[in-house]
Amino acid sequence: MIKVAVMGHGVVGGGVTEILLKNAESIAKKVKQEIYIEKVLDLRDFPDSPISDRFTKDFNDIISNDEISIVVEVMGGLKPAYDFVKQCLEKGKSVVTSNKELVAAKGAELLAIAEKNNVNFLFEASVGGGIPIIRPLHQCLSANNIEKINGILNGTTNFILNKMINDKMSFEDALALAQEKGYAERNPAADIEGHDACRKICILASLVYGTHVYPDSVHTEGITKVSLTDVEYASKWGGVVKLIASARISAKDNTKQEIMVAPMFVSRDCQLSNVDGVYNEILVRGDSSGSVGFYGRGAGKLPTASAVVADVMDCVLHKDERRDIMWKDGNGENVVPYEEYENAMYVRFSADDEQTALAKANEIFGKCDVIEKIDATADTAIVTPELSYADFVEKSKKFAELC
Ligand code: HSE
């Protein structure tokens with residue numbers, strides 16, 4: 001029998017204990033022994049839980065119990081999760097987490113501590129909820145140089161955009177519904193301002209490029225400025241607005257990466273345009289495999305918990321050996337500054353003399369695509385040719401002065 005502790009009994013933690021109890025028999029068969037939940041740490045009381053007698057409010061009941069060899073951290077946030085996880089690893093306990101904030105902020109350090117103590121630190125559930133992505137990138141695609149990753153990595157914002165596009169629901173109502181369904185973070189600003197997606201692309205980039213990418217090196221925009229007008233223009237253009245997290249090898253220096261999170265127009269030809277609701281999809285292009293897609297539920301109790309429990313099972317099966325997931329620490333030098341990224345830009349403006357303004361736009365930005373108007377009195381919307389962000393900012397100023 002292997003004894004585990006679960007720190008946190010929120011949405012995901014509740015799912016972890018539920019799966020470990022309901023699937024106990026089949027799980028035991030697969031790992032060739034029983035996995036017993038020895039302790040659950042939470043400050044709240046859960047008198048209705050079938051294991052209510054195993055709840056504790058004291059971390060010491062876990063760290064000082066030498067029979068507990070695997071600890072699941074599903075508390076979220078950095079405090080006290082970072083301190084607790086570090087102590088567990090230092091004490092020789094393997095740790096499984098779904099906490100993307102923790103892995104994005106402290107991954108390199110915690111992986112090094114796990115290596116030093118010959119234990120595992122696994123985090124499949126930290127990206128894409130129930131979608132297998134960490135293991136496939138680390139193992140199945142490991143013979144490739146990963147040229148780029150483009151993904152919808154936040155279920156809450158995808159759910160909100162979808163409700164706005166299909167049901168014309170207001171942003172606020174759609175967010176409230178996402179919270180009710182348990183998709184959103186405790187502080188939903190992390191979802192709507194793009195930080196959650198940023199943490200996840202940082203984890204994927206750290207894993208595939210081997211150097212820790214910290215969130216503050218990554219240009220991050222959320223969806224709070226996306227209006228119904230933009231959504232309608234995206235449709236006229238031939239696509240949808242999606243919050244895209246991307247990482248690609250720089251064309252100018254293959255030792256560096258361009259990593260960003262921003263709302264983008266996604267053409268209807270691209271698979272990502274069809275990702276609805278809380279689903280996530282991650283498209284990965286390897287130099288040998290070509291494009292590979294990973295699709296599934298990116299948030300929610302049982303999908304995320306299933307990835308956590310699978311990591312626990314992996315720890316049981318590899319009890320006295322280490323999964324060799326590692327990356328070195330980084331200082332941001334491997335991330336190209338955002339000002340240098342080249343992208344086509346969507347611009348919306350109003351001008352008294354529209355034809356003259358359009359002629360100036362073509363002169364300043366280069367030949368732009370003009371999107372058909374959503375109605376006669378609406379703003380004019382264009383898409384510029386690809387240009388660097390620094391160039392775009394400078395040219396936009398010039399354009400605003402001339403209009
Ligand atoms: N708030 C996150 C999301 C939860 O909406 O994707 C899963 O990480």
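Residues numbered from 1 in each chain as written. Predicted model: local features only at pLDDT ≥ 70, side-chain atom pairs only at ≥ 80, totals over all residues. Heavy atoms only, no water.

J.: So what about the domain arrangement of the protein? Which residues, and what values?
T.: Interfaces are frequently sized by the accessible area removed from exposure as the parts join. As far as domains go, the protein holds domain 1 (2-130 + 302-317), domain 2 (135-297) and domain 3 (339-402). The centre of domain 1, based on its C-alpha atoms, is set 50 Å off from the matching centre of domain 3. (Domains from an automatic or database assignment.)

J.: Break down unusual backbone geometry for me, with residues and values.
T.: One can expect most non-glycine residues to show negative phi and most peptide bonds to be in trans. Following lysine 79, the chain continues into proline 80 via a peptide bond in cis, with omega recorded as 5°. With respect to the element layout, proline 80 can be found in the loop between β4 (68-73) and α4 (81-90). (Helix = DSSP H or I, 4+ residues; strand = E, 2+ residues; numbered from the N terminus.)

J.: Describe the pattern of salt bridges, with residues and values.
T.: Across all of its chains, the model carries 23 salt bridges by this definition. For aspartate 196, the salt bridge identified is with lysine 200, shortest N-O distance 2.6 Å. Taken together, the positions of aspartate 196 and lysine 200, both in helix α10 (residues 195-209) and four residues apart, correspond to about one turn of that helix. Summarising the burial analysis for this pair, aspartate 196 and lysine 200 share the class buried. Salt bridges sharing partners connect three or more residues here, namely Glu124, Arg135, Asp311, Asp314 and Arg323. (Salt bridge = Lys/Arg side-chain N within 4 Å of Asp/Glu carboxyl O. Buried < 20%, exposed > 50% of the residue type's maximum accessible area, 1.4 Å probe, protein only.)

J.: Quick one: what's the story with the packing of helix α1 (residues 11-22) against helix α12 (residues 301-317), residue by residue and with numbers?
T.: Interhelical geometry of α1 versus α12 gives an angle of 65° and a closest axis separation of 8 Å. Both α1 and α12 take part in a crossing whose hand is right-handed. Two secondary-structure elements touch here, α1 through Val11, Val12, Gly14, Gly15, Val16, Glu18, Ile19 and Leu20 and α12 through Lys301, Leu302, Thr304, Ala305, Ser306, Val308 and Val309. (Axes fitted to C-alpha atoms, helices over the stretch in contact; angles between N-to-C directions. Left-handed = near helix turned anticlockwise from the far one by under 90°. Contact = heavy atoms within 4.5 Å.)

J.: Provide a residue-level description of the pairing of strand β1 (residues 2-7), including the pertinent values.
T.: β1 sits mainly inside the fold: six of its six residues count as buried. A two-sided burial pattern is seen for β1, the buried positions comprising Ile2, Val4 and Val6 on one face and Lys3, Ala5 and Met7 on the other. Relative to β4, β1 runs parallel, the two sharing five bridges. Paired with valine 4 across the two strands is isoleucine 70, which belongs to β4. (Pairing = 2+ DSSP bridges.)

J.: Describe the layout of surface pockets, naming the residues involved and giving the relevant values.
T.: One number sums up the size of the second largest pocket: a volume of about 1,000 Å³. Taken together, 46 residues line the second largest pocket, and the ones lying closest to its centre are Val74, Met75, Gly76, Glu185 and Arg186. If you list the elements that add at least two residues to the lining of the second largest pocket, you get α1, α5 (100-116), α7 (155-167), α9 (189-192), α10 and α12. In terms of residue class, the lining of the second largest pocket is made up of 14 nonpolar, 19 polar and 13 charged. When we break the lining of the second largest pocket down by domain, the ones giving at least three residues each are domain 1 (2-130 + 302-317) and domain 2 (135-297). (1 Å grid on protein atoms, 1.4 Å probe; cavity = no way out; pocket = protein on both sides within 12 Å on 5 of 7 lines; lining within 4 Å. Points joined across faces, edges and corners; volume = space filled by probe spheres on them. Nonpolar A, V, L, I, M, F, W, Y, C, P; charged D, E, K, R; others polar.)

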